[in-house]
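Remarks on the overall topology
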Amino acid sequence: MTITPLQPLLNDATIILRAPTQVWSDAAGRMGASPIHGIYHGDVRHVRSVATGVDGTELESIACATPTAQTAVFTDVLRGIDDDQADPKVRMDRERLVAAGSFHERIVVSSARDVSLSVRLTVTIAPDFAPLQQVKAGIAGADEWTWDGTRVRSATASFTVEAADAAISIEDAESAPGAGIRLRWQVDVPPRGRVELDWALAFEDATLVVGAPTSVADAVHVATSDSRVRRWLDRAAGDLAALRLSAPEHPDDAFYAAGAPWFFTLFGRDSIWAARLALALDPEIAASTLRVLGRLQGTKTDAATAEAPGKIPHELRSAALSLPNEGVHLPPLYYGTVDATPLWVCLLADARDAGLSDADLRDLLPNLRAALDWMIVHGDASGSGFIDYVDQTGHGLANQGWKDSGDSIQWQDGHLAEGPIALSEVQGYAYEAAMRGAELLDALDEQGGDDLRQWAADLRRRFRAAFWVETSEGRYPAIALDAHGAAVDSLSSNIGHLIGTGILDPDEERACAEVLISPTMSSGYGIRTLSTGAAGYWPLSYHGGSVWAHDTAIAVHGMLRAGLTAEAAVIARELVDSAEGFDYRVPELQSGDSRIPGGIPVPYPAACRPQAWSAAAAVVCAQALG
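Attention in this report is confined to the structure presented alongside it. Counting starts from 1 at the beginning of each chain's written sequence and moves along it residue by residue. Only residues with pLDDT of at least 70 get local features here, since the model is predicted, and only at 80 or more are side-chain atom pairs given and counted; chain-wide, interface and lining totals rely on the full set of residues. Based on all heavy atoms of the structure, the side-chain values leave hydrogens and waters out of the count.

1. Here's the deal with the overall build of the chain
Keep this limit in mind: Every helix listed is a DSSP run of H or I at least four residues long, and every strand listed is a run of E at least two residues long, numbered separately from the N terminus. Here the globule rule is a power law, 2.2 Å times the number of residues to the power 0.38, and the radius of gyration is based on C-alpha atoms. A simple rule labels every residue: compare its accessible area, found with a 1.4 Å probe on the protein chains alone, to the largest value its type can have, and call it buried under 20%, exposed over 50%, or partly exposed in between. Whether two residues are in contact is decided by their heavy atoms, any of which lying within 4.5 Å being enough. To be clear on the numbers: accessible area is Shrake-Rupley with a 1.4 Å probe, and residue cover counts the displayed protein chains and nothing else. Charge assignment: positive for Lys and Arg, negative for Asp and Glu; neither His nor the chain ends contribute. Here the site of a charge means NZ on Lys, CZ on Arg, CG on Asp, or CD on Glu.
Each helix and strand counted, the chain has 14 helices and 26 strands in total. Against the 2.2 N^0.38 benchmark of 25 Å for 626 residues, the chain shows a C-alpha radius of gyration of 26 Å, consistent with a compact globule. A total of 626 residues make up the chain; the buried ones form 58% of that total. Partitioning the contacts of the chain with sequence separation of at least 6, the portion at a separation of at least 24 is 65%. Here the chain has roughly 23,200 Å² of accessible surface; of this, 51% comes from carbon and sulfur atoms. Mean positive and mean negative side-chain charge positions of the chain (49 and 83 charges, respectively) differ by 4 Å.

What follows is the structure, given as structure tokens:
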């Protein structure tokens, strides 16, 4: 029987990280049993498993702590070498620390016994060098590697093994895939004493296009009197710090990697929204994110990469991304996103509000003009009068808004919309970008502001005429227009992104807010991506009924700007309840199941975590709740 490879589940795994390095294990610190386990650097899993053993005893896990994003402590009792009393007297603590390009573990064996203990301890490391996209596709296997006594090498990557006072050898006769590198210690633990052992790995990959930034911004305190919000903010701030990356040629310009494990790189939309939502926590990263993306802004028309003049890219990777299970094959620098360009302009305006100098703004003026030109000249690919998209290659992203799965744009009866697609929220982003872009040009005494305001007014008028629908669930903006200009009538969370952009009038904003907090859209832990009244609704659908923290937080963000503070507080409180259920590390998404008394959020089992925009949601919720 042929078994179809499946994407690894993540919800039960423990992660520590410091981009571009991440470590996945189970809650006992064991590494190797789950398909996601391992030590990754960049887009390569360097180590598949790490197995720790103590002769004469099993390791029985009793505790796991992750005090920071990059540290974990795993505690075991060693009853096989203990006495026969009820209280455990021999324990082992493994303190793990991951930094950008390195992994360190300190093993502490402690004894409360009155006799000395002779302990033989081993750590076996299995190299892997599997590409990240191969791991994501659930495909087992490993690259060839060689071993020279300290360094393990593959074609493009390597790591060095360092261990104090340990004998290091290779387990198998040949240094081939599947072989392990064994560290061995023979130690004496004194009566009522302890022994500390250290080992470490240092990683290198010459193909990396992103790395750790040299700059460390000082976070701004976000005031809150709510202890749960404070806990979420503290965890989120640590995760955001661990997700900071930069381009090697500009190491001082940091941006947020989208998330772990699959998105440890620059994503236009994700990095912009994370910087925007977290602006009060880390105002400096907005400007650096704008500069990073501005350097990669499109300059030509290329269907293979979806590039167009002025367009902000979707993602940057070291090599082409191939996901055969999904029929997706993307070039290393891919521009298939319809919303990142207007969002770039919106972030620029927000950054100026937060203190970006006019000198820095003027440096970005060519990028601003190019982004605005893309919206007006290139964004309407089909001539519909709206910014839209269609994949011209057959192997790019079929949907190019934030809901980028193949089945995310569907009618209320469940059938899929035909492209080109004009998403509702993108028109809101574009309206806001044009209006705020006009303000920025005015501030620099540049021409063009009046033309932008007129373009925005025309877009707003066309939007009102084309997008509003009325169904059994009420009157609201459609999720999109399809290839024929028909309004795709499903009720979705996309309408939350329109609030605060200015494309709706105040009564329309309030009506959308009321729909979003209704039982069909609110799960009790946030806003569902698709209403329970839609035929295609399923609580574990990636974009068709699940709850995304950032998606809900964007609605909160808009409600605050629109003066809908009571509605914003209701939804923010739901996200705080959700955060508590996930021990304040909110995943990429969760199930859209309705909240039940005494319950906790149901995980989406393949959700990434931490995710930058999910962490940044904490900042907006803190603002909404005071």
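Okay, back to it.
2. Considerations on helix α11 (residues 506-516)
Threshold: Think of the arc as the fan of directions from the helix axis to the C-beta atoms. Think of a polar contact as two N or O atoms within 3.5 Å of one another; within protein, one of them needs to be a possible hydrogen donor and the other a possible acceptor, and neighboring residues in sequence only count if both atoms come from side chains.
E508, E509, C512, A513, V515 and L516 are the residues of α11 that are buried. The buried side chains of α11 occupy one side of the element, clustering within an arc of 160° when seen end-on. Facing away from the buried side of α11, by more than 90 degrees, are the exposed residues P506 and D507. On its buried side, α11 packs onto α9 (449-466), β23 (468-471), β24 (474-477), α10 (494-498), α12 (549-562) and α13 (565-581). For α11, the N-terminal cap is D505; the gap from its side-chain oxygen to the backbone nitrogen of D507 is 3.1 Å.

3. Some points on the sheet that holds strand β25 (residues 480-481)
As a reminder, the rule being used: Paired strands, as defined in this entry, are two strands with at least two bridges between them according to DSSP.
Strands sit in the order β22-β25-β26 across an open sheet of three strands; the sheet is antiparallel. Across the chains shown, the open sheet's two edge strands, defined by having one partner strand only, are β22 (422-423) and β26 (487-488). Bridge analysis of β25 against β26 gives two bridges, and the strand direction is antiparallel. Paired with A480 across the two strands is V488, which belongs to β26.

4. Focus on the packing of α13 against helix α14 (residues 612-625)
Helices that pack against each other are described as a pair by the angle of their axes relative to one another and the distance between those axes. Under the convention used in this document: Axis definition: a line fit to C-alpha positions, over the contact stretch in the case of helices; interaxial angles, taken between N-to-C directions, run 0 to 180 degrees. Orientation categories follow fixed angle ranges, with anything under 35 degrees roughly parallel, anything over 145 roughly antiparallel, 65 to 115 roughly perpendicular, and all other angles oblique. In this scheme the crossing of two helices becomes right-handed for a clockwise turn of the near helix relative to the far one and left-handed for an anticlockwise turn of less than a right angle. Here the term charged refers only to Asp, Glu, Lys and Arg, the term nonpolar to Ala, Val, Leu, Ile, Met, Phe, Trp, Tyr, Cys and Pro, and the term polar to all other amino acids, Gly among them.
Where α13 meets α14, the closest approach of the two axes is 9 Å, and the angle between their N-to-C directions is 130°. Comparing the axis directions of α13 and α14 gives the class oblique. The way α13 lies across α14 gives a crossing that is left-handed. Only C621, A624 and L625 of α14 make contact with α13, whose side of the interface consists of A568, A569, A572, R573, L575 and V576. Class assignment for the residues of the contact of α13 with α14 results in eight nonpolar, no polar and one charged.

5. Some details on the nonpolar core
The line we're drawing: Among buried residues, the Ala, Val, Leu, Ile, Met, Phe, Trp, Tyr and Cys ones that are joined through side-chain atoms within 4.5 Å form a nonpolar core.
By size, the foremost hydrophobic cluster in this structure holds 148 residues, and its most contacted members are W232, W344, L348, L368, M375 and M559. Here this core gets eleven residues from one element, more than from any other, and that element is α14. Those residues within four positions of W232 in sequence are excluded, and the remaining contacts are L575, V576, A579, Y584, V586, S614, A617, A618 and C621. Residues L78, V109, W145 and L183 belong to the second largest nonpolar core, which totals 41 residues.

6. Some points on the pairing of strand β2 (residues 21-25)
The buried count for β2 comes to five of five residues, which makes it a mostly enclosed element. Side-chain alternation along β2 places T21, V23 and S25 on one buried face and Q22 and W24 on a second face that is also buried. Pairing analysis gives five bridges linking strand β1 (residues 14-18) to β2, with the strands arranged antiparallel. Paired with I15 across the bridge in β2 is W24. Adjacent in sequence and paired antiparallel, β1 and β2 are bridged by two residues. For β2 and strand β3 (residues 38-41), the ladder comprises four bridges, and the chain directions are antiparallel.

7. Some details on the packing of aromatic side chains
Rules: Any two of the Phe, Tyr and Trp rings considered here, Trp counted by its six-membered ring, make a pair once their centres fall within 6.5 Å; the pair's planes then place it as stacked at under 30 degrees, edge-to-face at over 60, or tilted in between.
Scanning the entire structure with this criterion turns up eleven aromatic pairs. Here the aromatic rings of W273 and Y429 are separated by 6.2 Å at their centres, their planes lie at 65°, and the arrangement is edge-to-face. Here Y429 lies in helix α8 (residues 424-443) and W273 lies in helix α3 (residues 268-277), a separation of 156 residues in the sequence. Overall, Y429 belongs to the buried group, its relative accessible area being 2%. Residues W402 and W613 carry aromatic rings whose centres are separated by 6.3 Å and whose planes lie at 85° to one another, so their mutual orientation is edge-to-face. Of this pair, W402 sits in the loop between α7 (365-378) and β22 while W613 sits in helix α14; the two residues are 211 residues apart in sequence, bridging distant segments of the chain. Among the residues examined, W402 registers a relative accessible area of 4% and is labelled buried.

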